[in-house]
Amino acid sequence: MIRLNDIVVKFGDFTALHDINVHVKEGEFFTFLGPSGCGKTTTLRTITGFIQPVSGTVVVKDRDITHVPIEERNIGIVFQSYALFPTMTVYDNIAFGLKLKKLKKAEVAQKVNDIAKKVDLSEEQLRKAVSQLSGGQQQRVAIARALVTEPAIICMDEPLSNLDAKLRVQLRNELKQMQKDFGITTIYVTHDQEEALTLSDHIAVFNKGVIEQIGTPNEVYNHSATEFVCNFIGDINLLRDEAVAALNAGGGQVDPAAHNYIRLERIHVNVEPKPGSVVLPGVVDSREYYGLYIKYYIKAAGQTIKVIEKNDGVNIYEAGQAVKVVMDPRDVMAYPGT
């Protein structure tokens with residue numbers, strides 16, 4: 001569906017993208033994830049035509065569109081700021097692209113009303129000025145405007161970043177459902193790891209203008225290809241020398257010369273160890289209560305180890321309490337030491 005082949009983008013002497021290669025399948029929800037300034041938005045803008053690469057090609061359905069004008073690419077775009085016309089009605093905002101195509105008035109009305117229903121905008125809201133709507137409603141308008149022209153692809157640049165946390169989660173779920181219903185190929189840019197993990201079929205993790213890993217949410221989280229990815233995706237423990245030695249003393253085969261990491265949920269407190277697991281004595285230093293789960297900070301093996309445990313309402317450990325920390329050396333992710 002979409003192929004980026006050896007894309008290089010430069011701004012003066014600065015190389016923003018280094019040999020970017022991506023393949024997005026038709027109907028897929030594909031996310032570009034990374035910290036600010038890593039190149040994810042630059043890649044998106046290269047696909048949409050706002051940026052021209054110095055080398056490489058953008059191919060959609062076997063057609064090279066690298067130098068095709070923006071308006072001829074048939075790509076819907078949802079910007080971070082939504083880029084709506086604040087004094088125009090919601091109806092006119094959604095209809096804007098259709099009017100540019102010089103569709104008949106009746107056809108415009110039909111398409112606008114159909115898409116409004118699909119994104120849960122009422123007839124009353126269609127008559128309002130965009131400035132009268134909430135952030136969540138404006139986001140729906142921006143999505144409706146992008147979808148109403150029936151593009152082959154929709155590109156979204158951090159469309160939820162301006163919303164409060166609760167609304168962001170709500171709209172995230174709605175966004176995934178809409179994408180599934182429409183079956184439209186979607187490229188999504190975000191710096192939010194949770195957003196990427198919950199929404200995506202595949203994720204490309206960017207860092208300093210290169211892609212560190214492309215994979216499913218499970219692959220980038222549980223089988224991080226690089227040390228950067230394992231640190232950027234979710235929370236994790238870096239195991240120090242004493243902890244590595246303790247794991248190996250218990251039968252593990254952890255390379256002491258490597259940088260060794262283990263996910264918080266892979267460690268357990270006061271459970272019966274399974275074959276191959278290692279038990280470390282520890283003391284609870286502090287905890288964070290999240291309701292569904294509890295995050296413990298435990299002093300063990302000469303360092304603080306973070307553990308996430310499901311909150312069963314019974315086994316809740318207090319600061320200063322002695323506990324057994326149980327981990328399996330096979331859950332360690334190792335990366336070459338420098």
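The structure presented is a predicted model; accordingly, all values stated were derived computationally and were not measured.

(A) Region of interest: the sheet that holds strand β11 (residues 236–239). Judged by pairing direction, the sheet is antiparallel, and its three strands sit side by side in the order β11-β12-β18 without closing on themselves. The open sheet has two free edges, formed respectively by β11 and β18 (333–335), since each of these has just one partner strand. Across this sheet, the average inter-strand angle for adjacent strands is 30°, counted without regard to direction.

(B) Seen up close, the packing of aromatic side chains. Summed over the entire model, instances satisfying the criterion amount to nine aromatic pairs. Ring plane angle 45° and centroid distance 5.5 Å describe the contact between Phe29 and Tyr188, whose orientation is recorded as tilted. Here Tyr188 lies in strand β8 (residues 185–190) and Phe29 lies in strand β3 (residues 29–33), a separation of 159 residues in the sequence. For Tyr188, a relative accessible area of 0% corresponds to the buried category. Aromatic pair Phe30 and Phe32: ring centres 5.9 Å apart, planes at 80°, arrangement edge-to-face. This pair shows no difference in class: Phe30 is buried, exactly as Phe32 is. By the ring-pair criterion, three or more aromatic residues cluster together here, those being Phe30, Phe32 and Phe206.

(C) Representation of the layout of surface pockets. Roughly 620 Å³ of volume is contained in the largest pocket. Around the largest pocket, the lining comprises 18 residues; the ones closest to its centre are Ile75, Gly76, Gly97, Leu100 and Thr149. Those elements giving two or more residues to the lining of the largest pocket turn out to be β6 (75–78), α2 (90–100) and α5 (135–147). Residue classes in the lining of the largest pocket are distributed as 11 nonpolar, four polar and three charged. The computed volume of the second largest pocket comes to approximately 210 Å³. As for the second largest pocket, its lining consists of Tyr221, Gly234, Asp235, Leu264, Glu265, Leu292, Tyr293, Lys295 and Ile308. Residue composition of the lining of the second largest pocket, grouped by class: five nonpolar, one polar and three charged.

(D) Broad picture of the environment of Ser224. Structurally, the position occupied by Ser224 is in the loop between α8 (217–222) and α9 (227–232). Taking the C-alpha atoms as reference, Ser224 lies 9.7 Å from Ala334; in sequence the two are 110 residues apart. Those residues within four positions of Ser224 in sequence are excluded, and the remaining contacts are Gln213, Glu219, Val229, Cys230, Arg263, Met333 and Tyr335.

(E) Region of the structure containing the sheet that holds strand β5 (residues 63–64). Taken in spatial order, the four strands of this open sheet run β2-β1-β4-β5, and their pairing is antiparallel. Both outer strands of the open sheet, β2 (14–24) and β5, are each paired with one neighbouring strand and no more. Looking at chain direction, strand β1 (residues 2–11) and strand β4 (residues 55–60) are connected through five bridges and run antiparallel. Its bridge partner being in β4, Ile2 is matched across the sheet by Val60.

(F) Seen up close, the nonpolar core. Val90, Ile94 and Ile143 are the most contacted members of the largest nonpolar core, which totals 35 residues. Of all the secondary-structure elements, those providing two or more residues to this core are α2, α3 (105–118), α5, β7 (153–157) and α6 (165–182). Dropping the residues within four chain positions of it, Ile94 is found in contact with Val112, Ile115, Leu121, Leu126, Val141, Ala144, Arg145 and Val148.

How each quantity is defined
- Residues numbered from 1 in each chain as written.
- Predicted model: local features only at pLDDT ≥ 70, side-chain atom pairs only at ≥ 80, totals over all residues.
- Heavy atoms only, no water.
- Pairing = 2+ DSSP bridges.
- Helix = DSSP H or I, 4+ residues; strand = E, 2+ residues; numbered from the N terminus.
- Axes fitted to C-alpha atoms, helices over the stretch in contact; angles between N-to-C directions.
- Phe/Tyr/Trp six-rings, centres within 6.5 Å; stacked < 30°, edge-to-face > 60°.
- Buried < 20%, exposed > 50% of the residue type's maximum accessible area, 1.4 Å probe, protein only.
- 1 Å grid on protein atoms, 1.4 Å probe; cavity = no way out; pocket = protein on both sides within 12 Å on 5 of 7 lines; lining within 4 Å.
- Points joined across faces, edges and corners; volume = space filled by probe spheres on them.
- Nonpolar A, V, L, I, M, F, W, Y, C, P; charged D, E, K, R; others polar.
- Contact = heavy atoms within 4.5 Å.
- Core = buried A, V, L, I, M, F, W, Y, C linked by side-chain atoms within 4.5 Å.

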